Amino acid sequence: MKILSAQQLAEADLSTINKQQISSNDLMERVATLVFERLHQRLNGSPVPVKIFCGIGNNGGDGLAIARHMIQHGYHVKVYVTNCSKKRSPDFLVNYDRIKDVTNEWPVLLSCKEDFPEITPQDFIIDAIFGTGINRPVDGWMADLIVYLNSVKAFKVAIDMPSGLYANTAHKTDDAILQADHTFTFQTPKLSFFLPETGQYTGTFEVINIGLDPEYLMAAAPIAQLITREAAQNMYQPREKFSYKGDYGHVLTFAGSKGKMGAAVLCAGAAINAGAGKVTAYIPEDGNFIMQSSLPEVMTVESEGEEYITDFKNPIENAVLCIGPGIGVKKYTCSAFAKAVKEQSTPIVIDADGIQILAKHPELIKDIPKDSILTPHDGELKKLIGEWDNSYTRLEKAQEFSKKNNVILVLKGAHTITVAGSGQYVNSTGNPGMATAGSGDVLSGIIASFLAQGYDPLTAAAFSVYLHGASGDLASQTYAHEGLKASIISNFIGSSILQLFRNPAQEQQAQPQS
Ligand SMILES: NC(=O)C1=CN([C@@H]2O[C@H](COP(=O)(O)OP(=O)(O)OC[C@H]3O[C@@H](n4cnc5c(N)ncnc54)[C@H](OP(=O)(O)O)[C@@H]3O)[C@@H](O)[C@H]2O)[C@@H](O)CC1
Ligand SMILES: [K+]
């Protein structure tokens, strides 16, 4: 699913009005009806006191139109308008006028702190103060209003965006932003919903298809893509009936050291679990027993070093190298790393200590095959691209690095973002339980596995990140976030592939019964 900028959404709005030959108010009415339907489904006519806070732009217009529908359906609605300027949008004014048709209670105008209404925890708040038209930090009494709304316990639903939040630009840390419990956002999610500084403000969110001009949407170059279940389904390559293990590639892991053989086991195990035809683990001599007794499916080749990998003699032609988990950064391991990377001519996966070595020896970067995939967490990323001020500069710097070095970066986080040149692919799966030791080793093994199975590098990266998160989500239904560990995530890879193609009824059956 495309993630568009605020500016693109405004253009899509205009294009829709022109092509569908409707007025902008017709579009607002469509939007308000769709939101109302969803609210009505959940509230089901409940006599909950609803307080709707409206700005004076089109977001406020949406709020007024939603208020009209709710009043018409018997809800107890009180409308407040933030009277901060005389510059009201035409569609705000139309809907400000139309509310007269359904109630004698004129909206209350708010102009200062003293005007703020009392709010009880039982109230249901709808935030329609600012949407995508916000263009500067909210200040003065309007900022106080947002802070006030954040301080009350009532449930808050944001219309299109939590007020005060920018769709795709950086904030200062003290900006006033509404903390919503749920957000109904229109047509596409906004990039800020997925970034660590701002992602929490939406609460849960759902995207409402408001029928914007499909031609515009099709042609628009997205600022990022959200990798949804549907996107992942399209990436999946089913297996041929008449195929054999040689058709599904060979992964060569270069991982592990004394005390960190677990990283190698997790990485190689995930490569097998994700479907690689064969996996060979290149390991320090002392790790052989651990690897062979942990993973009977995996072959091993020993380095000369007993505790660390100290040398590299390529044991397999045409394997996909997955290098770095648990190898340490000792001098002789760095030399073996340099040799291994240099000998590859097709894309490889570099993770963990492999990235640390690259950061320490940037001269090695030129030896990485084009379209290789690096999977840094933020600590490792900083060593590669330097510090950043905010998530947007982090992405810009990652794009520069990706373009300059012809590599794909998988920026691990709550919403892992795969960066390939100017392309940014935001993952939609995963949960905080996956912040656990070895989770990254599993991810690098999965990516190498799909590379070996013939997926192109960008698809292998984005698809693996999706499945890794989906495996964690499935596993957490049985183990809770706290009980998740890397080997469990790995064991759920197959289930996450099955779940990609389950229909909703089958999905319910697959849930653990309470
Ligand atoms: N996209 C779509 O397809 C559709 C979009 N729709 C809806 O339209 C919304 C976008 O509407 P919008 O453009 O009128 O902007 P909105 O968010 O209401 O705010 C603008 C007002 O706020 C003001 N203002 C800005 N910053 C401020 C600040 N810090 N502090 C104080 N004031 C500030 C600004 O004033 P100015 O900058 O001119 O002083 C202006 O008056 C969108 O989110 C969605 O809800 C649907 O109805 C139909 C389909
Ligand atoms: K809003």
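Going along each chain's sequence as written, the residues are numbered from 1 onward. Chain letters start at A and ligand numbers start at 1, both assigned in the order the entries are written. For this predicted model, a pLDDT threshold of at least 70 governs which residues receive local features, and a threshold of 80 or more governs which side-chain atom pairs are given and counted, while totals over whole chains, interfaces and linings are taken from all residues.

If you check an unreviewed UniProt entry, the chain appears there as Bifunctional NAD(P)H-hydrate repair enzyme from Nonlabens xylanidelens. Of the comments in the UniProt record for the chain, the one headed Subunit (unreviewed entry) reads "Homotetramer." UniProt positions are given in the numbering used here, feature names are shortened, and annotations may be inferred rather than shown by experiment.

Some remarks on the sheet that holds strand 5 (residues 124–128)
Strand-to-strand pairing in sheets goes through backbone hydrogen bonds, with the strands running parallel or antiparallel. Whether two strands pair depends on DSSP finding at least two bridges between them. For the purposes of this entry, the term helix denotes a DSSP run of H or I that reaches at least four residues, the term strand denotes a run of E that reaches at least two, and both are numbered from the N terminus. Pairing within the open sheet is parallel, and its seven strands lie in the order 4-3-2-5-6-7-8. At either margin of the open sheet sits one strand with a lone partner, and together these are strand 4 (108–110) and strand 8 (204–208). Looking at each pair of strands side by side, their axes are set apart by 20° on average, direction ignored. When strand 7 (residues 182–186) meets strand 8, the two strands line up parallel, connected through five bridges. Bridge pairing in strand 8 links Thr-183 to Phe-205. Against the sheet, helix 3 (residues 58–72) makes contact with strand 2 (49–54), strand 3 (76–82), strand 5 and strand 6 (155–159), and its axis sits at roughly 155° relative to strand 2, the strand it touches most. Fitted lines through C-alpha atoms give the axes, limited to the stretch in contact for helices. The angle between two N-to-C directions lies from 0 to 180 degrees. Any residue pair is listed as a contact if its two C-beta atoms, each placed from the backbone, are within 7 Å.

So, the site of ligand 1
Using the backbone to place each C-beta atom, any residue with that atom within 6 Å of a molecule or strand is considered near it. Surveying the vicinity of ligand 1 reveals 35 residues, the closest of which are Gly-57, Asn-58, Asn-59, Gly-131 and Gly-133. If you list the elements that add at least two residues to the shell around ligand 1, you get helix 1 (6–19), helix 2 (24–43) and helix 3. Looking at the shell around ligand 1, its residues break down into 18 nonpolar, 12 polar and five charged. Each residue receives one of three labels: charged for Asp, Glu, Lys and Arg, nonpolar for Ala, Val, Leu, Ile, Met, Phe, Trp, Tyr, Cys and Pro, and polar for the others, Gly being one of them.

So, the domain arrangement of the chain
According to the domain assignment, the chain consists of domain 1 (2–221) and domain 2 (248–499). Note that domain bounds follow an automatic or database assignment of domains. Summarising the inter-unit geometry, the C-alpha centres of domain 1 and domain 2 are found 42 Å apart. In this complex, domain 1 contributes eight residues to the contact, which on the side of domain 2 involves seven residues. Partitioned by chemical class, the residues of the side of domain 1 that touches domain 2 number five nonpolar, two polar and one charged.

Some details on unusual backbone geometry
For Asn-318, which is not glycine, the phi dihedral falls at a positive 60°. Along the chain, the position of Asn-318 falls in the loop between strand 12 (299–302) and strand 13 (320–323). Any residue with 12 or fewer other C-beta atoms within 10 Å of its own C-beta is exposed, any with 20 or more is buried, and the rest are partly exposed; the C-beta atoms used are placed from the backbone. When the 10 C-beta atoms within 10 Å are taken as the criterion, Asn-318 is described as exposed. Non-glycine residue Asp-371 carries a positive phi angle of around 70°. A tally of 18 C-beta atoms within 10 Å means that Asp-371 is categorised as partly exposed.

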